[in-house]
There are 2 protein chains.
Amino acid sequence: MEEALCHRVGPDFRIADVDPTSTPGFEWNKEDWEHEFHEHDEELQELQAKLYANSRAETPGTGGLLLVLQGMDTSGKGGVVRNVFEAFDPQLVEITSFGPPTREERSHDFLWRVRPHEPAIGRIAVFDRSHYEDVLIQRVRKMAPADEIERRYEHIVDFERDMASRNIRIIKVMLHISKDFQKANLLERLEDPEKHWKYNPGDLDERELWDGYMEAYEIALRRTSTDFAPWYCLPGDRKKYARMAVKYLVLDALRAMNLEWPKADFDVEAELERARNA
Amino acid sequence: MEEALCHRVGPDFRIADVDPTSTPGFEWNKEDWEHEFHEHDEELQELQAKLYANSRAETPGTGGLLLVLQGMDTSGKGGVVRNVFEAFDPQLVEITSFGPPTREERSHDFLWRVRPHEPAIGRIAVFDRSHYEDVLIQRVRKMAPADEIERRYEHIVDFERDMASRNIRIIKVMLHISKDFQKANLLERLEDPEKHWKYNPGDLDERELWDGYMEAYEIALRRTSTDFAPWYCLPGDRKKYARMAVKYLVLDALRAMNLEWPKADFDVEAELERARNA
């Protein structure tokens, strides 16, 4: 699957090369979509159960999984989380949404609020927005000096390398939508009273800075896409495609862990005998 | 539904009156089970979305929901969490498993480690084991003096009253299984190498104290079942029944919040005009 995703970010990445309406790696055929989306749900459940079992058994080298989701407003991050993780045991998944930093958070290094949410051993952590906001909105809106932004790219790579060295697999996804798609989504929110709560007049102010954001994304993705924490720039205009692609990236990452059920650390026959008489 | 559950705990509650193999409130008819289990999933999704929307809109009086799950080893708490909450948006549910307290936790009051996990406004918190362990195992194994245990019942009621006063709905469930059912479950874990990680030789030591646990549960449930935080002693030998009953309790609690979509706090027409031109 991963090979089929053309948009793994390398040093020559250009965001303009990614067509937000494309569906690389999957035939855009609505008939089989549901089937393909759920085809590996049992395997996913077994993989996460094995991952958790190894953490419980304290198998040396057991790691975790981190999925970072970024994207412009209305890019569908929430829908990805809802749809991809419905196949997962909710006890094993911790989802953190990073909003604007509080006053206390701003008084610390930008990674201070992020570190406590790295995945525990045997668990899956999902960041809905992340430490990347600190090189995106903060760059576009000049909320931090240029040399501080520079420092952050390196700091992020170090942070992620450290997690990877503890067997945390990291997948980073930018849901790349078109400006037209965002407009349609914002209008939909405004036209439906049940969605008014999702709308914020500030969304249109951010939209005016679209080109600046695309530039900031391009630079950030190039600078921080590594072997141990690659970025994928996924076309986002077709919501079902983005959900499918993220699900398969997670599946691939879990498969690559080569998970086995842990061995019993007690005398099974003796315990069976005890249990039969208990 | 709630009325149909015979086992809401009152002052005369006796655990021996609850048959772990019974299925009060539901016909034990496997044919319709799946349908009935999922019948209200759409409503559940809308209710939780409304709850969250009101928290985002900062609607005064918006609360949260807390589900406390207790039960002997192998009583199926994990299965309840997995099955009931698969219908929920994982972003809105925080599940906390309380294991044996750490050294640091033991150096604080017993509620110290619990308080940070109360539900945020607009969210649902699930406790897999809870502060009740401090009046269950700690009573049975005499890990705390009798007068400290006494103090804790009152302290728990105060803690839960305080949450309720902030519009947090509280549902507390004991999954009541028979000793035979536990034995079968323990044997199953021992006979299946894929389940060995779930087995702990200490489980049989706890099993020897079964009667003491039943007494501790009976006292704890009686002392702490209140109008604002009622206990339900649910028969647990039929796993599908327990999952169904918990799901309907959660549904009833959300319905009782009388949730509406929040009103827009901006000029909708003006924003529509802006968005069309953006």
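Residues numbered from 1 in each chain as written. Chains lettered and ligands numbered in written order. Predicted model: local features only at pLDDT ≥ 70, side-chain atom pairs only at ≥ 80, totals over all residues. Heavy atoms only, no water.

As recorded in an unreviewed UniProt entry, chain A goes by Polyphosphate kinase 2 (PPK2) and comes from Corynebacterium comes.

Undergrad: Can you help me understand the packing of helix 11 (residues 268-276) of chain A against helix 7 (residues 179-191) of chain B in this one?
TA: Two numbers describe how helix 11 of chain A lies on helix 7 of chain B: the axes approach to 10 Å, and their chain directions differ by 165 degrees. Here helix 11 of chain A is positioned roughly antiparallel relative to helix 7 of chain B, judged by the angle of their axes. In this structure, helix 11 of chain A meets helix 7 of chain B at a crossing whose hand is left-handed. Between helix 11 of chain A and helix 7 of chain B, the contacting residues are Val268, Glu271, Leu272, Ala275 and Arg276 of chain A on the first element and Lys183, Leu187, Leu190 and Glu191 of chain B on the second. Residue classes in the contact of helix 11 of chain A with helix 7 of chain B are distributed as 5 nonpolar, no polar and 4 charged. (Axes fitted to C-alpha atoms, helices over the stretch in contact; angles between N-to-C directions. Helix = DSSP H or I, 4+ residues; strand = E, 2+ residues; numbered from the N terminus. Parallel < 35°, antiparallel > 145°, perpendicular 65-115°, else oblique. Left-handed = near helix turned anticlockwise from the far one by under 90°. Contact = heavy atoms within 4.5 Å. Nonpolar A, V, L, I, M, F, W, Y, C, P; charged D, E, K, R; others polar.)

Undergrad: Help me understand the packing of aromatic side chains in this model?
TA: Each aromatic ring pair is specified by the distance between its two centres and by the angle formed by the two planes. Residue and element names in this part refer to chain A. The final tally for this structure, using the stated rule, is 16 aromatic pairs over all chains. Arranged with centres 6.1 Å apart and planes meeting at 70 degrees, the rings of Phe26 and Tyr241 form a pair that is edge-to-face. Separated by 215 residues along the polypeptide, Phe26 in the segment before helix 1 (30-38) and Tyr241 in helix 10 (residues 239-255) bring together distant segments of the chain. Summarising the burial analysis for this pair, Phe26 and Tyr241 share the class buried. Linked through ring pairs, Phe26, Trp33, Tyr241 and Tyr248 together constitute an aromatic cluster. Between Arg152 and the ring centre of Phe110, over which it is positioned, the NZ or CZ distance is 5.0 Å. Residue placement shows Lys247 over the ring face of Phe37; its charged tip is 4.0 Å from the ring centre. (Phe/Tyr/Trp six-rings, centres within 6.5 Å; stacked < 30°, edge-to-face > 60°. Buried < 20%, exposed > 50% of the residue type's maximum accessible area, 1.4 Å probe, protein only. Lys NZ or Arg CZ within 6 Å of the ring centre and 35° of its normal.)

Undergrad: Looking at this structure, I do not really get the sheet that holds strand 5 (residues 231-235) of chain A. What am I missing?
TA: Strands belonging to one sheet form pairs held by backbone hydrogen bonds; the direction of such a pair is parallel or antiparallel. Residue and element names in this part refer to chain A. Pairing within the open sheet is parallel, and its 5 strands lie in the order 2-3-1-4-5. In this open sheet, the two strands that pair with only one neighbour each are strand 2 (93-97) and strand 5. Direction aside, the axes of adjacent strands within the sheet are offset by 20 degrees on average. Alignment of strand 1 (residues 64-71) against strand 3 (residues 124-128), held across 5 bridges, turns out to be parallel. Its bridge partner lying in strand 3, Leu66 is registered against Ala125. Running at roughly 155 degrees to strand 5, helix 10 makes contact with strand 1, strand 4 (168-176) and strand 5 of the sheet. (Pairing = 2+ DSSP bridges.)

Undergrad: Explanation requested: the relation of the copies chain A and chain B in the structure shown.
TA: The two chain copies are related to each other by a rotation about an axis together with a translation along it. It takes a turn of 180 degrees to lay chain A on chain B, together with a shift of 0.0 Å along the axis; the resulting RMSD is 0.0 Å. This pairing of chains is accounted for by a two-fold axis. (Least-squares fit on C-alpha atoms with pLDDT ≥ 70 in both.)

Undergrad: Whenever I open this one, helix 10 of chain A confuses me. Can you help?
TA: Note: α-helices contain 3.6 residues per turn, so residues at a spacing of three or four share the same orientation. Taking 1.5 Å per residue as the helical rise, helix 10 of chain A with its 17 residues ought to reach 24 Å, and the 25 Å between its terminal C-alpha atoms agrees with that figure. Counting buried positions over the 17 residues of helix 10 of chain A gives 14, a clear majority of the element. (Expected span 1.5 Å × (residues − 1).)

Undergrad: Can you help me understand the pattern of salt bridges in this one?
TA: Where charged atoms from two side chains of opposite charge approach closely, those side chains can pair. For the structure shown, the criterion picks out 44 salt bridges over all chains. A salt bridge links Glu43 of chain B to Arg255 of chain B; its shortest N-O distance comes to 2.8 Å. One end of the pair, Glu43 of chain B, is in helix 2 (residues 41-56); the other, Arg255 of chain B, is in helix 10 (residues 239-255), with 212 residues separating them in the sequence. Under the relative-accessibility criterion, Glu43 of chain B is labelled partly exposed at 29%. Overall, the relative accessible area of 34% leaves Arg255 of chain B in the partly exposed class. Beyond isolated ion pairs, a larger network of salt bridges with shared partners links Asp109, Glu148, Arg151 and Arg152 of chain A. (Salt bridge = Lys/Arg side-chain N within 4 Å of Asp/Glu carboxyl O.)

Undergrad: Looking at this model, I keep getting lost on helix 9 (residues 210-224) of chain B. Mind explaining?
TA: For helix 9 of chain B, with 15 residues, the first-to-last C-alpha span of 21 Å sits near the 21 Å given by 1.5 Å per residue. Regarding helix 9 of chain B, the residues found buried are Trp210, Tyr213, Met214, Ala216, Tyr217, Glu218, Ala220, Leu221 and Thr224 of chain B.

Undergrad: Before we go on, may I ask you to explain the interface of chain A and chain B in this structure?
TA: Quite often, the size of an interface is put as the accessible area lost when its parts meet. Between chain A and chain B, the residue contacts involve 38 residues of the former and 37 residues of the latter. Interface of chain A and chain B: buried area, both sides summed, is about 3700 Å²; carbon and sulfur atoms make up 66% of it. The residue Arg82 of chain B makes a salt bridge to Asp89 of chain A at a minimum N-O spacing of 3.3 Å. Counting every contact that joins chain A to chain B gives 18 residue pairs in polar contact (both at pLDDT 80 or more). The set of elements that each furnish at least two residues to the side of chain A that touches chain B consists of helix 2 (41-56), helix 3 (77-84), helix 7 (179-191), helix 8 (202-207) and helix 11 of chain A. Looking at the side of chain A that touches chain B, the element that brings in the most residues is helix 11 of chain A, giving 6 residues. (Buried area = accessible area lost by both parts, 1.4 Å probe. Polar contact = N/O pair within 3.5 Å; in protein donor to acceptor, adjacent residues only side chain to side chain.)

Undergrad: Quick question: what am I supposed to make of the UniProt feature "domain: Polyphosphate kinase-2-related" (unreviewed entry) in chain A here?
TA: Per the UniProt record, "domain: Polyphosphate kinase-2-related" (unreviewed entry) is found at residues 31-259 of chain A. Span residues 31-259 of chain A is 48% helix and 14% strand, its end C-alpha atoms 33 Å apart. (UniProt positions renumbered as here; feature names shortened; annotations may be inferred.)

Undergrad: When you look at the environment of Lys142 of chain A in this model, what are you seeing that I'm missing?
TA: As for its placement among the helices and strands, Lys142 of chain A is situated in the loop between helix 5 (137-140) and helix 6 (146-165). Along the chain, Lys142 of chain A and Leu44 of chain A lie 98 residues apart, while their C-alpha atoms are 42 Å from each other.

Undergrad: What am I meant to see in the sheet that holds strand 3 (residues 124-128) of chain B here?
TA: All names here are of chain B. Reading across from one edge, 2-3-1-4-5 is the order of the 5 strands in this open sheet, with parallel pairing throughout. Strands with a single pairing partner mark the edges of an open sheet, and in this sheet they are strand 2 (93-97) and strand 5 (231-235). For this sheet the average axis-to-axis angle between neighbouring strands, irrespective of direction, equals 20 degrees. Direction of pairing for strand 1 (residues 64-71) relative to strand 4 (residues 168-176): parallel, over a ladder of 8 bridges. If you follow Leu66 over to strand 4, its bridge partner there is Ile170. Against the sheet, helix 3 (residues 77-84) makes contact with strand 1, strand 2, strand 3 and strand 4, and its axis sits at roughly 150 degrees relative to strand 1, the strand it touches most.

Undergrad: What's the story with the side chain of Gln138 of chain A in this structure? I'm lost.
TA: By the element assignment, Gln138 of chain A lies in helix 5. Ignoring sequence-local partners within four residues, the contact set of Gln138 of chain A consists of Glu133, Met143, Ala144, Ile149 and Arg152 of chain A.

Undergrad: Sorry, what's going on with the pairing of strand 5 of chain A here?
TA: On any regular strand, side chains alternate: one points to one face of the sheet, the next to the other face. Residues and elements named next belong to chain A. Burial within strand 5 is extensive, with 5 of its 5 residues counted as buried. Going residue by residue along strand 5, you find Trp231, Cys233 and Pro235 tucked away on one face and Tyr232 and Leu234 tucked away on the opposite face as well. Relative to strand 5, strand 4 runs parallel, the two sharing 5 bridges. In the sheet register, Lys172 faces strand 5, and the bridge partner there is Trp231.

Undergrad: What should I look at first to understand the environment of Ala120 of chain B in this one?
TA: All names here are of chain B. Topologically, Ala120 is positioned in the loop between helix 4 (103-106) and strand 3. Between the C-alpha atom of Ala120 and that of Ile168, which follows or precedes it by 48 residues, the distance is 9.0 Å. When neighbours within four sequence positions are excluded, Ala120 is seen to be in contact with Gly63 and Gly64.

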